[in-house]
Amino acid sequence: MTHDPLWVTFIKALVLCVVLLGAFAYMTVIERKLLGRFQHRYGPNLTGPGGWLQPIADAIKTIFKEDLVVTAADKFVLVLAPAISIVFALSAFGAIPAGPAGSLFGLNPWVMDLDIGILYIFAATSLGVYGIFLGGWAANSKYALLGSLRSSAQIISYELGLGLSVLAVIMVAGTLNLREIVETGIWSVSPWLWPGLALAFVTFVISGTAEVNRTPFDLPEAEQELVAGYLTEYSSIKWALYQMAEYVNMMTAAAFISTLFLGGYRGPAFLDAIIPGVSGWPIIWLVLKMAIFMFLFIWLKATLPRLRYDQLMRFGWLYVFEFALLAALVTGAVIAYVI
Amino acid sequence: MSVIDIAKGMGLTLGYLFKRPVTVQYPRDKIVMQARFRGRHHLLRHPDTDLEKCIGCSLCAAACPTYCIYVEAAENDPDDPVSPGERYAKIYEINMLRCIFCGFCEEACPTGAVVLGHEFELADFKYEDFVYRKEDMLVGTKGSKWQRREAEAKDKDVRLGFNADHRAELEGVDY
């Protein structure tokens, strides 16, 4: 494990923020275009060549839009809440390794190499719910408060499934360090582990989708039922910050799933026979795997209707939780008695 | 909702991803209107004599469910008639904000003078500009008030956003 000097880490954090925010901007337009195609129509295609300047137009629009603040709102918390969301969304990504040590122009392609990387990401993503909850509370509106309460309940329920399904990976890899998990290659340890890991993977993807509030679990911002949930009273740039946090969370979830279950920055080894060293190309594999999950999230959004609240709770507590527990048990038993 | 149902739905949406979108790029490409589409009214003239078909009988105003038509008739000058008959419509106004485009005026008209055409781009800024007078509806007038003002200011022709098939009642109306 090599450490970078502090100032290098600082610059890398800055670059990561810029990259993530740029990726967020283009995720919005890619999502709108893909959703359009899924629904048999074009997405945005008028702003700039092929509609690709749409994020710039959106940014200018949201910045100059009238910023409404409800009279009875707690103004300080109202402004603070989206900032909390975006800060924790951005900081979670810093622990994701994007390549082996020293593979990025001699630097380590991660902001911080934590021995408790998994716990850190869980902590950061679950603190993001404070942004949602405080935003809903500070707006002093019943719709917003209901939306934020539902969001808190949902995130707590699915956090359990998330934590339990990651147990299988931790047991197989024997570490909480994300880079070491990638280097272990959990699927190559023993074929006996595959059923447990597959079950953990499925439950992790489902509860990860719920954790980042994506369809069909996007109850916090249910615009048909709760006007817009916790961001009912938000407008202009504060609203955009929430959207930003949502998309960055989505990218973190995609990167986290890829890192834990799909070998993160490592490509498939059999490709090395065609082009030597291709499986070790830094960052490219991680971005590719992330793109697959981003596509999956958008595809789900285009297809599935939103769950009703009781369905969501039932699904979370009776199925995801149970299956995640089963995955942990199966994996534990295999490790204890078979290998 | 079982896993199979979800898979079916996902497959369906994935299929649409590879199909050509059906969207009409409206302001850029013209819409093809159905022949019987009811849009803005036209007041027709007899094609051979060029006289106005409207004789100011107010039956359209009586048939109108929203009372958006106002007709005031006057006697024709026998030497220089505006319409064939004793009277003609001195004032003929339709309030486009109240009109529901039901076509009852068209049904009620004994001379087939008022016909609903294909124009639908009727957006404007002021209330008064939605009250269409004879000069806004007589045959040969193309486009809404706003479109005509815009075209005049830019010294261009009115560009209509649609293509329409021929319709027998709209004789003499040329889009």
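Overview of the structure. (Residues numbered from 1 in each chain as written. Chains lettered and ligands numbered in written order. Predicted model: local features only at pLDDT ≥ 70, side-chain atom pairs only at ≥ 80, totals over all residues. Heavy atoms only, no water.)

## Considerations on a nonpolar patch on the surface
All names here are of chain A. Taken together, the side chains of Tyr26, Ile30, Trp52, Leu53, Ile56, Ile60, Ile63, Phe64 and Ile237 make up a nonpolar region of the molecular surface, amounting to roughly 850 Å² of accessible area. Among the secondary structure elements, those contributing two or more residues to the nonpolar patch are helix H1 (6–38) and helix H2 (54–64). A per-element tally of the nonpolar patch places H2 first, with 4 residues. Within the element layout of this structure, Leu53 appears in the loop between H1 and H2. (Patch = residues over 30% accessible without salt bridge, like charges linked within 9 Å, V, L, I, M, F, W, Y side chains within 5 Å. Areas by Shrake-Rupley, 256 points an atom, 1.4 Å probe, with all protein chains shown as cover. Salt bridge = Lys/Arg side-chain N within 4 Å of Asp/Glu carboxyl O. Helix = DSSP H or I, 4+ residues; strand = E, 2+ residues; numbered from the N terminus.)

## Observations regarding the pairing of strand E4 (residues 87–95) of chain B
All names here are of chain B. With 7 bridges joining them, strand E3 (residues 69–75) and E4 adopt antiparallel strand pairing. Counterpart to Ala73 in the pairing with E4 is Ala89. When E4 meets strand E6 (residues 131–132), the two strands line up antiparallel, connected through 2 bridges. Bridge pairing links Asn95 to Val131 in E6. (Pairing = 2+ DSSP bridges.)

## Let's talk about the interface of chain B and chain A
At the junction of the two partners, chain B supplies 14 residues and chain A supplies 15 residues. For the pair chain B and chain A, the summed buried surface comes to about 1500 Å²; carbon and sulfur atoms form 70% of the total. On the chain B side of the contact with chain A, Met10(B), Leu17(B) and Pro21(B) bury the most area, a combined 38% of that side's loss. Where chain B meets chain A, there are 0 salt bridges. Taken together, the connections running from chain B to chain A amount to 7 residue pairs in polar contact (both at pLDDT 80 or more). (Contact = heavy atoms within 4.5 Å. Buried area = accessible area lost by both parts, 1.4 Å probe. Polar contact = N/O pair within 3.5 Å; in protein donor to acceptor, adjacent residues only side chain to side chain.)

## Re H2(A)
Residue pairs spaced three or four apart in an α-helix point in one direction, given the helix's 3.6 residues per turn. All names here are of chain A. Burial in H2 covers these residues: Gln54, Pro55 and Thr62. For H2, the angular spread of buried residues about the axis comes to 95°, placing them on one side. Exposed and facing more than 90 degrees away from the buried side of H2 are Ile63 and Phe64. Contact partners of the buried residues in H2: H1 and helix H9 (236–261). (Buried < 20%, exposed > 50% of the residue type's maximum accessible area, 1.4 Å probe, protein only. Arc of directions from axis to C-beta.)

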